[in-house]
Amino acid sequence: MTEKNQNTSTDNSPFGEARGTLDINTYLDQDEKKDLLRLLTAGSVDDGKSTLIGRLLFDSKKIYEDQLSALERDSKRVGHAGEEIDYALLLDGLKAEREQGITIDVAYRYFSTNKRKFIIADTPGHTQYTRNMVTGASTANLAIILIDATKGVITQTRRHTFLVSLLGIKHVVLAVNKMDLVNYDQKVFDEIVAEYKSFITQLDVPDVNFIPIAALKGENVVEPTTLMPWYHGPSMLEFLESVHISSDRNFGDMRFPVQYVLRPDLDFRGFSARVASGIIRKGEEIMVLPSRKTSKIKEIITYDGNLDEAFPPQSVTITLEDEIDISRGDMIVYPDNLPRVERHFESMLVWMDEKPMDPNVQLFIKHANNTTRVKFDQIKYKVDVNTLQKSSIDHFELNEIGRVVMTTNKAIFFDPYKKNRSTGSFILIDPISHNTVAVGMIIDKLNAEDLPSKIVDEKTLEANKSRIHRGECLVSDAQREKRYNQKGTTLWITGLHGSGKNELAFTLEKEMFDAGATVVLLDGSSIRSGLSNELDFSPADRAEHLRRVAHISKLLNDQGIITICSFISPDENIRKQVVQIIGEDRFKMIHMDATMEFCKKNKPELYEKFEEGLIANLPGADLQFTTPENPTLVLKPENRATNTKTILEYLADHKIFPII
Amino acid sequence: MTEYSLSHLKELEAEAIHIIREVAAEFENPVMLYSIGKDSSVMVRLAEKAFYPGKVPFPLMHIDSKWKFKEMVEFRDNYARENGWNLIVHSNMAAFEAGVGPFTHGSKVHTDVMKTQALLEGLNKYKFDAAFGGARRDEEKSRAKERIFSFRDKFHQWDPKNQRPELWDIYNARVHKGESIRVFPISNWTELDIWQYIRLEKIPIVPLYFAKERPCVNVDGNLIMVDDERMPKDIAEKAEMKMVRFRTLGCYPLTGAVESEADTIEKIVEEMMTVTVSERTTRVIDFDQDGSMEQKKREGYF
Ligand SMILES: Nc1nc2c(ncn2[C@@H]2O[C@H](COP(=O)(O)OP(=O)(O)O)[C@@H](O)[C@H]2O)c(=O)[nH]1
Ligand SMILES: [Mg+2]
């Protein structure tokens, strides 16, 4: 502190204060070790944001003399500050902004002190600039939220605080400005603090601080206040210099999202990226997503020498012990700490484009060096940024924020944004304009309970009813039954992998065909190789897959054709929805009831793969298989000799086939 | 500082390497614009670091206005040769042959034709879809708002009112054919950071940055060095030997020197910390009109 005081009067040099009386080499050696704090300033118009930043820059002697003289000239011309120098002019750079007297974009400012380097993101305050604030907040460690002491906590204060917490900023300073206008009165300050505290506790900000200042006078900005003896905390700058931020990063979950594959020659294959989180160590066993292949870290390479470990936000290149095929967008992790590997997730979205969202249009999502297509499944709600009230809407307009359910074309590797800013954030790009139209913070994968709801396409059905006018059919059901001598029916065979369900289906098809039935067999491989080829084995995709199967079967049944559908369909809920689509009276559930032992013996490779961790979502193993509630028939694989006969007898008894 | 934290310079370095790799990964035909200045020298070193132990996978391009200091051109050619760079040098030859120069046409026309036009010509000629520049946000007011991935339309124009949102470290690299992106990997570096980095990394820079006795003339308050015989005689005559150095480098008739004794990086930094004039004032072109840099940038100048 004494050093600082000595130097305030030395000269006008931009770095004078920071340098102190040190010799230049010592100074440079010390400067080299300083860390970096990125901060955001938010406040509504005229709260004094630009003035505060100007002060921080000016008082830490970073304003160059020529900029200052230009400033004095400019203040006389377009200044809004009357007699005093208008510090805001230093900052509001672009012409349009000067003319309007407001900051319209994000501007970045730089200054340094003895202890730290600072990058300030200066963003405007109006609602229509929510996107700018969100932009500034995305890289900030800390936010200064300004309040005009004469106005207290206002709507804007709440909005700014909400946005700051949404973007995951861990440190907030409430700067109560213009204390000079309230006679530096403690009571005013205390009331504002109390009101703000009661509000911010609803939000998720771990570190909240309160500092009274008068930016215009420089009071409590750099030097501790003398006019507010009741305040015992640090000045604004002292606080910024000392706040502890290095533990804010996620060092626990190692994520290395491959950015660039380095192949200078055939013998070298390096994988370059920034460590997104966690600590990557030489010699550790790793797993590559999505291939799930494992290997060990051979080297961590940098131009300045190899490392034993690397941590965020370092940019390094690694090599592996084994030759594995890895490309940009793959993620290297530790096998005992995997991110979510999903195509369906919920997130908070901020709409950034002038053009409103069209929820039916697919966009590009860029996430952790991966780009794929994405569609919106559902908009859960919109948050009013001023009141925090939730309401339901069907699309977003510029600056609107809300919660959505999304599905990507291929699986992405993510963590919830709250846990991991790097692997929980994404941008959405319009495929035609190429603009960044929205940004998002992933909340988590979709709750299991929410998944099957996808299959109920009530919305489409409703829409179809009103929009699609089917032609009048000239062939009656009776005519079809007479022609085929059968009733259009779905024989749905459910059972675990290896239960013998497919064998049954194929034998049944053959026997029915030979007996003169008109029959179509639908099974997993035939549908998945074509119609459902973009879907995976996650619960939600299984649901979508089965929805398609159900509709095909329904169409065929409508034409009088019998379908044999052989699908594991592990979820009773989904089966029920399949029944709804096809129609209860013509849906016959056949349960191939095999024990797990039987299945494992029948399909050992598959279950071994699961045990080795190479596949996931295996029904009966890590995915629950629920026994059908009211099956038409329950068959045992042990009775394979008589199983088809049982079915044929049932069909004949119930006059499904043959009718006569 | 705890064990797992980086110094500000290492953090800025990691950020720049990430940006440079992203461009190499996302674009088909990027180029790094190399001005021979100190910021460019730092940027090239960062590119070398980004692809180590491989080579930088894109070319460097120098837009030669034909009025650069002799020492700059010498430095460029030696350094490119020693380091095996893939260096393209491009000039507006038509205008050069027609005799365009700062003394005959004035600084505005010269800059427009030999720098801005030449740059656009070079970018079009090789169909580059991304161009790295060594600009820093602390240099000039309008730059403080420019994105790191800065979109340019088919005519290479920048629209400050219509910039893409840029969040976290996720960069939108999508462009249509003919459009391009200017990329500024050292956006967040300050002048001091640059000097500090040059010092720590021992990056070679053009000797003009260091003080030496040089023949100079005072032209309207700017110390202009007599670098070759193209300087009009009546001005050149008035030259005196002065101990000077340059804070920025460009066309010799348009770049003012400062009187200085600083002949090492440490002395330069020391001088910088006591000097009271910001970097860009020694560039004559800035005096044209208020908001002039913003104007130039809109037109495609860096
Ligand atoms: N009395 C008083 N006025 C201030 C103070 N801080 C800023 N102002 C004035 O408030 C007005 C708005 O300041 P400005 O920094 O442009 O606010 P911004 O819109 O938040 O950037 C200007 O006229 C400032 O001079 C302060 O501490 N006390
Ligand atoms: Mg302002």
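Located above this text is the structure these notes cover.
Residues numbered from 1 in each chain as written. Chains lettered and ligands numbered in written order. Predicted model: local features only at pLDDT ≥ 70, side-chain atom pairs only at ≥ 80, totals over all residues. Heavy atoms only, no water.

1. Things to note about the packing of aromatic side chains
Link 1 in the chain: Counted by the stated rule, this structure contains 28 aromatic pairs over all chains.
Link 2 in the chain: Plain terms: the ring middles of Tyr196(A) and Phe210(A) are 6.0 Å apart, the flat faces sit at 85° to each other, and that makes the pair edge-to-face. One end of the pair, Tyr196(A), is in helix H10 (residues 186-200); the other, Phe210(A), is in strand E6 (residues 207-212), with 14 residues separating them in the sequence.
Link 3 in the chain: Overall, the relative accessible area of 0% leaves Tyr196(A) in the buried class.
Link 4 in the chain: For Phe210(A), a relative accessible area of 16% translates into the label buried.
Link 5 in the chain: Judged by centre distance (5.2 Å) and plane angle (25°), the ring pair of Phe75(B) and Tyr79(B) falls under stacked. Of this pair, Phe75(B) and Tyr79(B) both sit in helix H3 (residues 70-83), four residues apart, roughly one helical turn.
Link 6 in the chain: When its relative accessible area of 11% is taken as the criterion, Tyr79(B) is described as buried.
Link 7 in the chain: Through a chain of ring-to-ring contacts, three or more aromatic side chains come together here, namely Trp67(B), Phe69(B), Phe103(B), Phe246(B) and Tyr252(B).
Link 8 in the chain: Over the face of the ring belonging to Phe199(A) we find Arg158(A), whose NZ or CZ atom lies 5.6 Å from the ring centre.
Link 9 in the chain: Above the ring of Phe96(B), the side-chain terminus of Lys66(B) is found at 5.3 Å from the ring centroid. (Phe/Tyr/Trp six-rings, centres within 6.5 Å; stacked < 30°, edge-to-face > 60°. Helix = DSSP H or I, 4+ residues; strand = E, 2+ residues; numbered from the N terminus. Buried < 20%, exposed > 50% of the residue type's maximum accessible area, 1.4 Å probe, protein only. Lys NZ or Arg CZ within 6 Å of the ring centre and 35° of its normal.)

2. Overview of the packing of helix H2 (residues 38-51) of chain B against helix H6 (residues 191-201) of chain B
Residue and element names in this part refer to chain B.
Link 1 in the chain: Taken N-terminus to C-terminus, the directions of H2 and H6 make an angle of 55°; their axes are 10 Å apart at the nearest point. Accordingly, the angle class assigned to the pair H2 and H6 is oblique. Every pair of crossing elements has a handedness; the one defined by H2 and H6 is left-handed. Taking contact as the criterion, the partners of Lys-38, Asp-39, Val-42, Arg-45, Leu-46 and Lys-49 in H2 are, on H6, Glu-191, Ile-194, Trp-195, Tyr-197, Ile-198 and Glu-201.
Link 2 in the chain: Taken together, the residues of the contact of H2 with H6 sort by class into six nonpolar, no polar and six charged. (Axes fitted to C-alpha atoms, helices over the stretch in contact; angles between N-to-C directions. Parallel < 35°, antiparallel > 145°, perpendicular 65-115°, else oblique. Left-handed = near helix turned anticlockwise from the far one by under 90°. Contact = heavy atoms within 4.5 Å. Nonpolar A, V, L, I, M, F, W, Y, C, P; charged D, E, K, R; others polar.)

3. A look at the sheet that holds strand E10 (residues 258-259) of chain B
The strands making up a sheet associate through backbone hydrogen bonding, with each pair oriented either parallel or antiparallel.
Residues and elements named next belong to chain B.
Link 1 in the chain: Here we have four strands laid out as an open sheet, ordered E8-E7-E9-E10, and antiparallel in their pairing. With one partner strand each, in any of the chains shown, strand E8 (222-225) and E10 form the two edges of the open sheet.
Link 2 in the chain: Direction of pairing for strand E7 (residues 212-219) relative to strand E9 (residues 240-245): antiparallel, over a ladder of five bridges. Each residue of the ladder has a partner; that of Glu-213, found in E9, is Met-243. (Pairing = 2+ DSSP bridges.)

4. As for the pattern of salt bridges
Link 1 in the chain: One pass over the structure, following the stated rule, counts 58 salt bridges over all chains.
Link 2 in the chain: Linking Lys117(A) and Asp193(B) is a salt bridge whose minimum nitrogen-to-oxygen distance equals 2.8 Å. Residue Lys117(A) is located in strand E3 (residues 116-122), and its partner Asp193(B) is located in helix H6; the two belong to separate chains.
Link 3 in the chain: Among the ionic pairs, Asp169(B) bridges to Arg274(A), the shortest N-O distance being 3.0 Å. With one member in each of two chains, Asp169(B) in the loop between strand E5 (149-152) and strand E6 (180-183) and Arg274(A) in strand E9 (residues 270-274) form a pair that bridges those chains. (Salt bridge = Lys/Arg side-chain N within 4 Å of Asp/Glu carboxyl O.)

5. Considering the environment of Pro604(A)
Link 1 in the chain: Tracing the backbone through its elements, the reader meets Pro604(A) in helix H19 (residues 604-611).
Link 2 in the chain: Taking the C-alpha atoms as reference points, Pro604(A) and Ala438(A), 166 residues apart in sequence, are found 47 Å from one another.

6. Details of the site of ligand 1
Residue and element names in this part refer to chain A.
Link 1 in the chain: Around ligand 1 sit 16 residues in total, of which Asp-46, Lys-49, Ser-50, Thr-51 and Asp-180 are the nearest.
Link 2 in the chain: In this structure, Thr-51 approaches ligand 1 through a side-chain N or O atom, which is 2.4 Å from an oxygen atom.
Link 3 in the chain: One nitrogen or oxygen atom from the side chain of Lys-178 is found 3.2 Å from an oxygen atom belonging to ligand 1.
Link 4 in the chain: A total of 580 Å² of accessible area belongs to ligand 1 in isolation, and the protein chains cover 84% of it.
Link 5 in the chain: Here the shell around ligand 1 gets three residues from one element, more than from any other, and that element is helix H4 (residues 49-59).
Link 6 in the chain: Taken together, the residues that form the shell around ligand 1 break down as six nonpolar, five polar and five charged. (Near = heavy atom within 4 Å. Polar contact = N/O pair within 3.5 Å; in protein donor to acceptor, adjacent residues only side chain to side chain. Areas by Shrake-Rupley, 256 points an atom, 1.4 Å probe, with all protein chains shown as cover.)

Read these as layout, nothing more, since geometry by itself doesn't imply function.
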